[in-house]
Amino acid sequence: MTRAAVLGSPIAHSLSPHLHRAAYEALGLYDWKYESFECDEAALPGLLGGLGPGWAGLSLTMPLKRAVLPLLDTVSDLAVEVGGANTVIFSEGGRHGDNTDVYGIVQALTEAGIRPPRGATILGGGATAASTLAALRELGLSRATLVVRDPARAGETAMVAERLGTTLSVRTFEELESVLDVDLVVSTLPSGAADGFAGQLAGVPALFDVVYAPWPTRLASAVEAAGGTVVGGFPMLLHQAVRQVEMMTGRTDVPVEAMRAAGKAEIVRRAAPGS
């Protein structure tokens, strides 16, 4: 049995098991098993140390993406730049960290037909904002604006921008109206946190909202109603998982549509009354 898992805290909401298991089934990998484990930063070293032979890799969600870096033998240049790894690959007895969130964002935007933006504003300053900066760089954008509640807490993301060679302006939400003359707004805020800004943001040409459930968010609905292009968080989650399956299995024929169908079905199931 070859094993893989997703770690994080909380982890019960994760769609990763549904996505990865759908891939294994479609690929005929019946001797592969994908699980989920509740794990916080304090428990991470012990859990990693306890994994024996037969482990292919791990998916990591919050709060582990930054905490895992010093526990790895090698880390990809991209994961170093964004300051976080959401993927661990076990190879030749070592632990290799990588970041597939950036790939997921690029693929989600490209799939939706969003052209490389001339300007972008990012709401929130956490790990997803850092990955967004790297994704925008891959799309050819070297300048962005970060909107946060407290600029003093944007230090890590500002350091990421410096490593990426991206010029970053930091603003507060009180200044939001002045930084919306852009092609793309990315909201990395938690579910419901951007509801109060829906009116201000309704007229932007394109929105990428990383929330995937409940969907649509009030913000997404406002932008769509005004004629803007909207991308939700599920395509990002899907495509980062696709890349993880490629890396863990070594397969290039990963069944994207089977994974998409499984993820959407689970989202619908959870939204049903009584679930």
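Residues numbered from 1 in each chain as written. Predicted model: local features only at pLDDT ≥ 70, side-chain atom pairs only at ≥ 80, totals over all residues. Heavy atoms only, no water.

### Considering the side chain of Asp 101
Part 1: With respect to the helices and strands, the residue Asp 101 is situated in helix α4 (residues 101-111).
Part 2: Of the polar contacts made by the side chain of Asp 101, one reaches the side chain of Lys 65; its length is 2.8 Å.
Part 3: Contacts of Asp 101, omitting those with residues within four sequence positions, involve Lys 65, Asn 86, Ser 131, Met 236 and Gln 240. (Helix = DSSP H or I, 4+ residues; strand = E, 2+ residues; numbered from the N terminus. Polar contact = N/O pair within 3.5 Å; in protein donor to acceptor, adjacent residues only side chain to side chain. Contact = heavy atoms within 4.5 Å.)

### Section: the packing of aromatic side chains
Aromatic rings considered in pairs are described by the distance between their centres and by the relative angle of their planes.
Part 1: The tally for this structure, following the rule as stated, stands at four aromatic pairs.
Part 2: For the pair Tyr 24 and Trp 32, a centre-to-centre distance of 5.3 Å together with 55° between the ring planes defines the contact as tilted. Per residue, the accessibility class of Tyr 24 equals that of Trp 32, and both read buried.
Part 3: Through successive ring pairs, a cluster of aromatic residues spans Tyr 24, Trp 32 and Tyr 34.
Part 4: It is Arg 149 that lies over the ring of Phe 173; its NZ or CZ is 5.1 Å from the centre. (Phe/Tyr/Trp six-rings, centres within 6.5 Å; stacked < 30°, edge-to-face > 60°. Buried < 20%, exposed > 50% of the residue type's maximum accessible area, 1.4 Å probe, protein only. Lys NZ or Arg CZ within 6 Å of the ring centre and 35° of its normal.)

### Brief notes about the pattern of salt bridges
Part 1: Enumeration over the complete set of coordinates arrives at 12 salt bridges.
Part 2: Its salt-bridge partner being Arg 260, residue Glu 257 comes within 2.9 Å of it at the nearest N-O pair. Of the two residues, Glu 257 and Arg 260 are both situated in helix α10 (residues 256-271); the distance of three residues between them amounts to about one turn of the helix.
Part 3: Among the residues examined, Glu 257 registers a relative accessible area of 51% and is labelled exposed.
Part 4: Judged by its relative accessible area of 14%, Arg 260 falls in the buried class.
Part 5: With a closest N to O distance of 2.7 Å, Glu 266 and Arg 270 form a salt bridge. Remark: Arg 270 and Glu 266 occur in helix α10; sequence separation between them is four residues, near one turn of the helix.
Part 6: The exposure class assigned to Glu 266 is buried, which follows from its relative accessible area of 8%. (Salt bridge = Lys/Arg side-chain N within 4 Å of Asp/Glu carboxyl O.)

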